[in-house]
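# Chains, contacts and geometry: an overview
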Amino acid sequence: MVEEYAMVAQTLSRIVTPLLVGLKHLFMTPVTVKYPYERVENVTGENFRYDPKAGIAYPGYKGRHILYLDKCTGCSLCDIACQNIAEAIIMVYGFNVTISFNKEFYEMFKKGDGAAVNFVESIVDSLVKSTDKKRYSSHPVVPFAWSDIRTIQQKGEMYEWKLNLEPVYDYRSEAIIEKYLGDFLGWARSEGWDDEVIEVEGADKEDEYHRLSKGGMAAILAVTKIDEKLAHNKKSYFPAVDYGRCVFCGFCVDACPFYALEMTSEYELSATDRMSLLYTPRKLAGPPKTQPPAELGWIERIQTILRWR
Ligand code: SF4
Ligand code: SF4
C-alpha cells in the first residue's frame, strides 16, 4: 500500500513539477531579445582594443573597425598583419579627379559642337559603366559619387570640372584612371585625340596628369592626391577595410602600434552590393551605428521598453 502511495506521489510530482516550471517562466524576464528592435549589449561596454605598450589586448566586441585618423601614421602594419589572414585591408590615398578645358574647348562645348559634347558624354559613360562593371567584382572599387558638368568653374585660363564629390580612395592614381576612365581614354584615342602623360611642376609623385588635345581644343585630366596635412601621416596614407573578406579576427588591431585601430560593437554590416562592403578611411573613422532601426514603430518601442512579448 505504501509503495502504491509513493508511486502515485511520484507520478503526480512528474506531472506538476514541469507545469510549475512553465508557470514560473511566464513571470520571468525572457532571455531572448527582440532583434532587430533590441540589441545584445556589449558585455564589456568597450571596443576590442590592444595596448601595445602594456602588451595587453582588452576584451570587447569584434565588430566593424574604427580608425582614429588623428593617430594613424600610415605605417601599414595592420595591412601586413591581415595579408596572411584575409587580405581585407588595402592601404589607400584619397584623390581628387578633375578635368580642365581650355577656353576654345569650353566655348565649343557651350555652342554644342559635336566633338566637345561627345568628349564630355564619353567621360560620363566611362564613369557610369566602370562603377557598374566593378559592382560585383572580387575587389570592389570604392564607391563614390560623381558631380555633373554644371559644377564647372573658371580657374584662370581654364575651366575646371571636379568630377568627384567625395575623395576617391585607391592605392595609386593609375588605378583610378584604369578603373574609371580607361574606357574614356580608349575612346578619345580612337577618335583622334592626342593623349600625352605630362609632368607638372610641384606635383606629388602619386599624381597623374593626361593632356588630351585635338585641333585647338585641349583638356587636362588630373588625378591628384589629397594632402590631409597631418604631421604624423605626411603621406596621407590610410587603411580601408573590405568587409567582404574580413573574418573579424582582430589581428590588425593587435598589430597597430599607435592605438589607431579598434573594433566596435557594430555588427550589422550586410549590404546588397559588393561595393558597400568596402569601408574607406573616412567611413571607418565615423562613429559606429547604435540606433534602433528606423522602422521601429511607437507600439514596438513601448513593448521594447516594457519587455512585453
Ligand atoms: S580583423 Fe579583418 S581586417 Fe583585421 S586582420 Fe582580421 S581579417 Fe584582416
Ligand atoms: S591603423 Fe595603425 S597599423 Fe594601420 S596604418 Fe594606421 S597606424 Fe599603422
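Since this is a predicted model, take the numbers as computed values, not measurements.

Our focus in this paragraph is the overall build of the chain. Per the secondary structure count, the chain includes 8 helices and 13 strands. Taken over C-alpha atoms, the radius of gyration comes to 29 Å for the chain, far larger than the 19 Å a tight globule of 309 residues would show. In terms of principal-axis extent, the alpha carbons of the chain reach across some 115 × 50 × 30 Å. Burial status across the chain gives 38% buried among its 309 residues.

Looking at ligand 2, there are 13 residues lining it, with C72, C75, S76, C78 and C256 nearest. Looking at the shell around ligand 2 residue by residue, the class counts come to 10 nonpolar, 3 polar and no charged.

Before going further, it helps to examine the side chain of D170. The residue D170 is located in strand β7 (residues 168-170) in this model. On the basis of relative accessibility, which here comes to 4%, the residue D170 falls in the buried class. Setting aside its immediate chain neighbours within four residues, D170 contacts V92, Y93, F95, A175, I176 and K179.

Here the focus is the packing of aromatic side chains. Per the stated rule, a full pass over the model turns up 16 aromatic pairs. Measuring from centroid to centroid gives 4.4 Å for F101 and F105, while their planes differ by 25°, and the two rings are stacked. In this structure F105 comes out as buried when scored by relative accessible area, which is 1%. Joined through ring pairs, the aromatic side chains of F101, F105, F119, F184, W187 and W193 make up one cluster. When the ring centre of Y58 is taken as origin, the NZ or CZ atom of R49, which lies over that ring, is 4.4 Å away. Of note, K283 hangs over the ring of Y279, and the distance from its end group to the ring centre comes to 4.0 Å.

Time to look at the site of ligand 1. Close contacts around ligand 1 come from 14 residues, with C82, C246, C249, G250 and C252 the closest. Its residues placed into classes, the shell around ligand 1 shows 12 nonpolar, 2 polar and no charged.

Attention now moves to the domain arrangement of the chain. Interfaces are often described in size by the accessible area the parts lose on coming together. For the chain, the domain assignment lists domain 1 (49-90 + 231-306) and domain 2 (91-225). Taken over C-alpha atoms, the centre of domain 1 sits 32 Å from the centre of domain 2.

Along the chain, F48 falls in the loop between α1 (2-26) and β1 (49-51). Separated by 52 residues in sequence, F48 and S100 place their C-alpha atoms 46 Å apart. With residues up to four places along the chain from it excluded, the contact list for F48 reads A57, Y58, G60, Y61, K62, G250, V253, D254, E262 and M263.

With the rule as written, the count across this model stands at 14 salt bridges. Between R150 and D148 there is a salt bridge; the shortest N-O distance is 2.8 Å. Take R150: its relative accessible area is 71%, and that puts it in the exposed class. Put simply, D204 and K225 hold a salt bridge, and the shortest N to O gap is 3.5 Å. In this pair, D204 is assigned in the loop between β8 (194-198) and β9 (208-214) and K225 in strand β10 (residues 217-225), connecting sequence segments 21 residues apart. Under the relative-accessibility criterion, D204 is labelled partly exposed at 30%. Because the salt bridges share partners, they merge into one network encompassing R64, E266 and K289.

Positive phi, normally seen in glycine, also occurs at S76, with a value near 75°. Tracing the backbone through its elements, the reader meets S76 in the loop between β3 (65-67) and α2 (77-83). A positive phi angle, close to 50°, is found at E87, a residue other than glycine. Relative to the helices and strands, E87 is located in the loop between α2 and β4 (89-101). Its relative accessible area of 46% is what places E87 among the partly exposed residues.

Here we come to the nonpolar core. Among the nonpolar cores identified, the biggest contains 54 residues, and I99, F101, F119 and I123 are the most heavily contacted of them. Both of domain 1 (49-90 + 231-306) and domain 2 (91-225) provide at least three residues apiece to this core. Look past the residues within four positions of I99 in its chain and what remains in contact with it is F119, I123, Y159, E160, W161, L163, A219, I220 and L221.

Before going further, it helps to spend a moment on the side chain of S213. For S213, the position within the fold is in strand β9. Using a relative accessible area of 15% as the deciding quantity, one classes S213 as buried. What S213 contacts, discounting residues up to four positions off in sequence, is G192, W193, D194 and A218.

C-alpha of D170 to C-alpha of G114: the two residues are 56 residues apart in sequence and 33 Å apart in space. At a separation of 2.6 Å, a polar atom in the side chain of D170 contacts the side chain of K179.

About the cut-offs
- Residues numbered from 1 in each chain as written.
- Chains lettered and ligands numbered in written order.
- Predicted model: local features only at pLDDT ≥ 70, side-chain atom pairs only at ≥ 80, totals over all residues.
- Heavy atoms only, no water.
- Helix = DSSP H or I, 4+ residues; strand = E, 2+ residues; numbered from the N terminus.
- Rg over C-alpha atoms; globule rule 2.2 N^0.38 Å.
- Buried < 20%, exposed > 50% of the residue type's maximum accessible area, 1.4 Å probe, protein only.
- Near = heavy atom within 4 Å.
- Nonpolar A, V, L, I, M, F, W, Y, C, P; charged D, E, K, R; others polar.
- Contact = heavy atoms within 4.5 Å.
- Phe/Tyr/Trp six-rings, centres within 6.5 Å; stacked < 30°, edge-to-face > 60°.
- Lys NZ or Arg CZ within 6 Å of the ring centre and 35° of its normal.
- Domains from an automatic or database assignment.
- Salt bridge = Lys/Arg side-chain N within 4 Å of Asp/Glu carboxyl O.
- Core = buried A, V, L, I, M, F, W, Y, C linked by side-chain atoms within 4.5 Å.
- Polar contact = N/O pair within 3.5 Å; in protein donor to acceptor, adjacent residues only side chain to side chain.

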